[in-house]
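# Observations on chain architecture
Residues per chain, in single letters:
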Amino acid sequence: MKSDDKNKSTDFFRLKRIDCSGEERKYKRWMAEEPCKDDYSSIYEQVMRVSNTANKNKGLTGWWPYFFIENADAYKEFLKNEQVILEAAEKVIKKEGNQTEIEKNFKEGTLKKYLLSRLNKSALKKGEDYFFNLLELGTSQEAVVVSIDIRDSTQLMLNAKRPELFADFIGDVTAKIFEIVKENYGITDKFTGDGLLCFFPKKYSGDDAVYYALKAAAAAHKLFATEYKKHYNKFSVVKADVGLGIGIDAGEVYFTPVCQDPTIVGIPVVYACRLSAAPAYHTYLNQPAFELVEKKYKNLYSYDMCTISFKNQGSMVAYDVNLNYDAISPKDPDWLNDN
């Protein structure tokens, strides 16, 4: 050990929530590589002894002092006073506990606010706490993702007589699609500027999530056509080929706060959004979503296979599916019958 090590500060330790067995493995690997094993070995034994005392006497379960060993002699002196470590442990735990509580309250408040405006009436009767546990932030979810896009929306906006008239039209249409998604056990994640991103998580939408997603998409197409006609007087030029393009994909998404707002991220989000470049009044499914339809609704659907191209990405196969809704009796989500 270098002599100038003795002049270094002795305040090298911090507390870390770690698994003791894992720390022992780290220590053994480190001991095999480091010199001065005798010095460090005695320190490690003291660390573990003090840790056990902290857990037993102070109820500090799961907290283990972990030291960045830079000066064995200084640490031997430092570790003689176990009370110093116990008091420091309590301070750190209290601070971490407060931060954890603040973070927990933030997540709960944010998620409850998010869910209260998005769950349908049947779900609200169960209470938001039920779904707070079901759709917890920071978890992965199996879901069907639906991206709804107003095709050629830029030109549509330019054709509006005034910006506020276009805003009225967009606001009216998206609010009604929002309700369609809710009625079909879906969750509208966000307004994207010219459409909506929605998802139908299996834990909420049930085993027939893809059925509800397709049904919501079909209803959204129909609604847009009706609402657009109602708002013709807001445009100086009425385009005849305006409608929704909808993309659907399925798979694992991650439910997480971004800029303090809950949202979903994942591969299905990417491809659902890409496929919403479908022609007006068409819904395109990616392969995983189509396989769900194929598996669950044999002989109860028809489809056209098509290709869609993306700049700098080449083209991909998509499926334009027509489901026979009248012939299908979808299963209710499990939570509806959960007492």
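Above this text is the structure in question.
Since the structure is predicted, the reported quantities are computational estimates derived from the model, not experimental observations. (Residues numbered from 1 in each chain as written. Predicted model: local features only at pLDDT ≥ 70, side-chain atom pairs only at ≥ 80, totals over all residues. Heavy atoms only, no water.)

### Description of the overall build of the chain
Here is the rule: The helix and strand labels rest on DSSP assignments: H or I over at least four residues marks a helix, E over at least two residues marks a strand, and numbering proceeds from the N terminus. Each residue gets one of three labels from its accessible area relative to the maximum for its type: buried under 20%, exposed over 50%, partly exposed in between, using a 1.4 Å probe on protein chains only. Residue contacts follow a heavy-atom distance rule, with two residues in contact if any of their heavy atoms lie within 4.5 Å. The Shrake-Rupley method, run with a 1.4 Å probe, gives the accessible areas here. Residue values count only the displayed protein chains as cover.
The secondary structure content of the chain amounts to twelve helices and ten strands. Relative to its full complement of 339 residues, the chain shows a buried share of 45%. If you take every contact in the chain between residues at least 6 apart in sequence, the share linking residues at least 24 apart comes to 71%. Accessible area of the chain: about 18400 Å², with a carbon and sulfur share of 49%.

### Thoughts on unusual backbone geometry
Even without a glycine there, the phi angle at D152 is positive, about 55°. The phi dihedral of Y185 is positive, around 60°, even though this residue is not glycine. Tracing the sequence through the fold places Y185 in the loop between α8 (163-183) and β4 (187-191).

### Focus: the pairing of strand β6 (residues 244-258)
For clarity, the threshold we go by: The rule for pairing is simple: two strands pair if DSSP sees at least two bridges between them.
Counting buried positions along β6 yields eleven of 15 residues, so the element is predominantly enclosed. Connecting the antiparallel pair β6 and strand β7 (residues 261-265) is a turn made up of two residues, with C259 showing a positive phi of about 55°.

### Section: the packing of aromatic side chains
Aromatic ring pairs are reported here in terms of the distance separating the ring centres and the angle at which the planes meet. Selection criterion: Each aromatic pair joins two rings of Phe, Tyr and Trp (for Trp, the six-membered one) with centres within 6.5 Å, and gets the label stacked for planes under 30 degrees apart, edge-to-face for over 60, and tilted for any other angle.
Considering all chains together, one arrives at 22 aromatic pairs under this definition. Ring geometry for F169 versus F224: centroids 5.8 Å apart, planes at 70°, classification edge-to-face. Taken together, the residues span a long stretch of sequence, with F169 in helix α8 and F224 in helix α10 (residues 209-230) at a distance of 55 residues. Note on accessibility: F169 and F224 belong to one class, buried. Plain terms: the ring middles of F290 and Y301 are 6.0 Å apart, the flat faces sit at 85° to each other, and that makes the pair edge-to-face.

### Describing the side chain of S153
Relative to the helices and strands, S153 is located in helix α7 (residues 153-159). Relative accessible area serves as the criterion here: at 11%, S153 is assigned to the buried category. Those residues in contact with S153 that lie beyond four places of it in its chain are F166 and D194.

### Description of a nonpolar patch on the surface
The condition that has to hold: Residues enter a patch when their relative accessible area is above 30% and they make no salt bridge; the linking distance is 9 Å between like charges and 5 Å between nonpolar side chains (Val, Leu, Ile, Met, Phe, Trp, Tyr). Throughout this description, the term salt bridge denotes a Lys or Arg side-chain nitrogen within 4 Å of a carboxyl oxygen of Asp or Glu.
On the surface, a nonpolar cluster with roughly 290 Å² of combined accessible area is contributed by Y303, M305 and V317. Within the secondary structure, V317 is located in strand β10 (residues 314-323). A residue is classified by how much of its surface remains accessible, and V317, at 38% relative accessible area, is partly exposed.

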